[in-house]
Amino acid sequence: MKYSEYNDQIKKQIYEKYSLIAGVDEVGRGPLAGPLVTCAVIMKKDSKIEGVTDSKKLSRKKMLELKEQIIDDSLAVSYGYANNKLIDEINIRQATLFAMKNAVENLNIKPEILLIDAERIDSNIPQLNIVKGDLNEYAISCASILAKIRRDDIMINFSKIYPEYSFDTNVGYGTKKHYEAIDKNGITPIHRLSFLKKYYAKQESFL
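Quick caveat, the model's predicted, so the values are computed rather than measured. (Residues numbered from 1 in each chain as written. Predicted model: local features only at pLDDT ≥ 70, side-chain atom pairs only at ≥ 80, totals over all residues. Heavy atoms only, no water.)

**Q** Explanation requested: the UniProt feature "binding site: a divalent metal cation" (unreviewed entry) in the protein chain in the structure shown.
**A** When the UniProt feature table is mapped to this numbering, "binding site: a divalent metal cation" (unreviewed entry) covers D25, E26 and D117. The annotated residues occupy 93 residues of the chain but converge on a single region, no pair of C-alpha atoms lying more than 7.9 Å apart. Checking the annotated residues one by one, the ones that line the largest pocket turn out to be D25, E26 and D117. Structurally, E26 can be placed in strand β1 (residues 21-27). Setting aside anything within four residues of it in sequence, one finds E26 in contact with L36, V37, T38, T96 and M100. As for its placement among the helices and strands, D117 is situated in strand β4 (residues 113-117). (UniProt positions renumbered as here; feature names shortened; annotations may be inferred. 1 Å grid on protein atoms, 1.4 Å probe; cavity = no way out; pocket = protein on both sides within 12 Å on 5 of 7 lines; lining within 4 Å. Helix = DSSP H or I, 4+ residues; strand = E, 2+ residues; numbered from the N terminus. Contact = heavy atoms within 4.5 Å.)

**Q** What's the story with the nonpolar core in this structure? I'm lost.
**A** Nonpolar side chains tend toward joint burial in soluble globular proteins. Judged by nonpolar contacts, the single largest core of 18 residues is most densely connected at C39, V41, V52, L66, I70 and I145. Only β2 (36-43), α2 (60-72) and α6 (138-161) provide two or more residues apiece to this core. Ranked by the residues each element gives to this core, the list is headed by α6, at six residues. Those residues within four positions of L66 in sequence are excluded, and the remaining contacts are I49, E50, G51, V52, L58 and I145. A22, L97, M100 and I121 belong to the second-largest nonpolar core, a separate cluster that totals 14 residues. (Core = buried A, V, L, I, M, F, W, Y, C linked by side-chain atoms within 4.5 Å. Buried < 20%, exposed > 50% of the residue type's maximum accessible area, 1.4 Å probe, protein only.)

**Q** What should I look at first to understand α2 in this one?
**A** Helical geometry: 3.6 residues make up each α-helical turn, so side chains three or four residues apart lie on a common side. Between its first and last C-alpha atoms α2 spans 19 Å; for 13 residues at 1.5 Å apiece the expected length is 18 Å, and the two agree. Taken together, the buried positions of α2 are occupied by M63, L66 and I70. Where α2 is buried, its residues touch β2, β3 (74-82) and α6. (Expected span 1.5 Å × (residues − 1).)

Rendered as structure tokens:
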């Protein structure tokens, strides 16, 4: 099925045909440090939590409010991870697919179909890859919120180990303050070396 074909009619057909529908999403493709986190969630079929949308459009306070409702309205939730070393080893896209598959396989209920944000994983479960799925598909939005909270929590904990890098506020993204911390203190064991090659090349060109 092509991305453009996922419309209200197709959505209706899916929800009429399947009961165990898993939304799958990832958070953390772009940061310079920390893991990529994925989530797979099977929501109750009648779940309609107001305010659920793409996690990028929500404050942390709002996401934490929604988290409890999502958990209460879910049948199964699972997470997958790809740390910085794996990302450096196999590249960010392959690490994403690995972590998505891991999240799906760790569900304690086997879904009948997977709705995945813009990706397709190696699985014998029927699946649809939906562009902007975290915005347009409820189950994926729920997964997006849970994955975002889980990853932010991880980075907040890392900020206690590496306070100079402000991971509690930038969650690993390449902010000005983050780059300044790298220039001053070097890299940490959780930095993605493959993401910093261009930065170091640029720095060397000014020497």
